[in-house]
Every structure is written in C-alpha cells, then in structure tokens.
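Examining the three-dimensional arrangement
As a plain string of letters, each chain reads:
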Amino acid sequence: MQKIAAQRLDDRQLRIAILAEIGALVRFDVFVWLVTDPDTCVGSAPVANAPSMDDLPALIRLKYLASVNRWTSMQPNTPVSLVNATNGDLSRSRMWNEVLRGYGVTDVASITFSDQFGCWGFLDLWRRGEQFSVDDMTLLHDIAAPITVALRRSVASSFDLPSTSSGDLRGPAVVLMSDDLELVTQTAETDAYLRALLPTPLDQSPIPAAVYNVAAQ
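All of the points below concern the structure found in this document.

What follows deals with the nonpolar core. Core analysis: the largest hydrophobic core is formed by 31 residues, its most contacted members being L59, L100 and W126. Counting residues per element, the ones that place at least two in this core are β1 (30–36), α3 (56–65), α4 (82–85), α5 (94–98), β4 (105–115), β5 (118–128) and α8 (209–216). Here this core gets five residues from one element, more than from any other, and that element is α3. Discounting residues that sit within four places of it in the chain, L59 has contacts with A50, M95, V99, L100 and W126. Counting 27 residues, the second-largest nonpolar core is a separate cluster that includes L19, I111, L125 and V155.

Pasting the structure below:
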C-alpha cells in the first residue's frame, strides 16, 4: 500500500490500484468508491462495478437518505460492516431492503476517509454469501488512514495539472430531475459540460454521477 501511495497517480488510478491490493486480501463482490468535496461531503467521480447501471439513481438516492453507515456520521477511517451496524437485522437498512437484497448482498463494509482537513471519500464493499470477519475489518482499519493521506494528496495534485477543457463551454448547464433522480430534461449545453467532467466516448452519453450526487444531497 505504501508503494502505491508514493506514486503520482490521479485519484481514479489510485483507487483502482488500491482496490486491487484490497481484493487480494479481503473478498468482496462489488465496490463503490466516491471522492467527496472535503467541506460539503458531496460525492463525485465514482469508481464502481455496480451490477446494473439502471439502479444507479436509486442507489445514490438511498445512500444519501441512509441512517445506517452514512459516511457523514461514521468515525473517520474506521470501517463498519452493515451486519454489525444493524445488529444482524439488515432490514434496518433502507438501501438493503430496496436494492441490495435483490442482488443477494449479505454484508457491506463501509469506510469514510477523513482527516482534520475534511472528508475525501467513502468506500462501500459489498459481499455475497457471508459477512465480513473481524480479521477483514481489522485489515481495512489498518490501511484506512494511509489511504486517506494518499487520497487527499492525489485530489490536491489535480490542481497542478493542465486543463483538458477546450475552453469553449458556454451557455447554461441545467439538469432537471424528479424526486426519484430520474432525468426529466436538460439544456442542450449540458452534454458538453458533463463530458468535460467525465470524458465519454462520443457514441455514449456521459453518466451524470456528479449531478445525481448533488441532487441527492
């Protein structure tokens, strides 16, 4: 982990490399890792392998509505499993009731990466078949603080990079969404702004993950 943290990786490359290291030691089936604004804690730039993109709006909405293991109320750098947080009654989690149980998820390990400078991101690891063990959670705890330092450094270094924007973005970027985070309409200029935030092949529409997070908040 120290070798990865010492490399000059952008936040996406960093998270992918760390997930590979974690996966070699702790089994998980699905991951969702967002960078957050350090002051508002609003998420953006997800790295995830969610089973279905169709459920993305619902997952984000329910994450912000969560009363169990919400990243803004968790102890910094202290992983907590959903089984332990609910005393074994997963039905206390609205996200599990409405989405995760349909995927056969039996436990979720959640970590908030925070320090005295703010909240830099949160990670959810979904597992099917068994709950996370004490050893699993101990390992995640041991690496959480170094990951926070590396993540903060990586996010800060992004301000040193040259802009990749064409500089031609003009006009209002407005997205109108329903209470369930379904896209209602958007201005014509919005697509270009979203592509600047999340570079996407021309034959695909950019996924407005940042929009979902702001709307959910």
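Glancing now at helix α6 (residues 134–157). Across its 24 residues, α6 extends 35 Å between first and last C-alpha, which sits within 8% of the 34 Å expected from 1.5 Å per residue. Taken together, the buried positions of α6 are D136, M137, L140, I143, A144, I147, T148, A150, L151, S154 and V155.

Scanning all chains against the criterion turns up 10 salt bridges. D115 is the partner of R152 in a salt bridge, and the nearest nitrogen-oxygen pair spans 2.4 Å. Here D115 lies in strand β4 and R152 lies in helix α6, a separation of 37 residues in the sequence. Taking relative accessible area as the criterion, R152 reaches 23% and is therefore assigned partly exposed. If you follow the salt bridges from partner to partner, you end up with R27, D29, R127, E130 and D136 in one network.

The topology assignment puts L169 in the loop between α6 and β6 (175–177). According to the relative accessible area criterion, L169 is partly exposed, its value standing at 30%. In this structure, the C-alpha to C-alpha distance between L169 and I60, residues 109 residues apart in sequence, is 27 Å. Leaving out residues up to four positions away in the same chain, L169 has contacts with A192, Y193 and A196.

Turning our eyes to something else, we now look at the packing of α3 against α8. At a closest axis distance of 9 Å, the pairing of α3 and α8 adopts a crossing angle of 35°. In the packing of α3 onto α8, the handedness of the crossing is right-handed. Contacts between α3 and α8 involve L56, P57, I60, R61 and Y64 from the first element and A209, Y212, N213 and A216 from the second. Of the residues that constitute the contact of α3 with α8, the class distribution is seven nonpolar, one polar and one charged.

Among the residues of helix α7 (residues 190–197), those classed as buried are T190, L194 and R195. End-on view of α7: buried residues confined to an arc of 135°, all on one side of the axis. Elements in contact with the buried residues of α7: β6, β7 (183–186) and α8.

Parameters at a glance
- Residues numbered from 1 in each chain as written.
- Predicted model: local features only at pLDDT ≥ 70, side-chain atom pairs only at ≥ 80, totals over all residues.
- Heavy atoms only, no water.
- Core = buried A, V, L, I, M, F, W, Y, C linked by side-chain atoms within 4.5 Å.
- Buried < 20%, exposed > 50% of the residue type's maximum accessible area, 1.4 Å probe, protein only.
- Helix = DSSP H or I, 4+ residues; strand = E, 2+ residues; numbered from the N terminus.
- Contact = heavy atoms within 4.5 Å.
- Expected span 1.5 Å × (residues − 1).
- Salt bridge = Lys/Arg side-chain N within 4 Å of Asp/Glu carboxyl O.
- Axes fitted to C-alpha atoms, helices over the stretch in contact; angles between N-to-C directions.
- Left-handed = near helix turned anticlockwise from the far one by under 90°.
- Nonpolar A, V, L, I, M, F, W, Y, C, P; charged D, E, K, R; others polar.
- Arc of directions from axis to C-beta.

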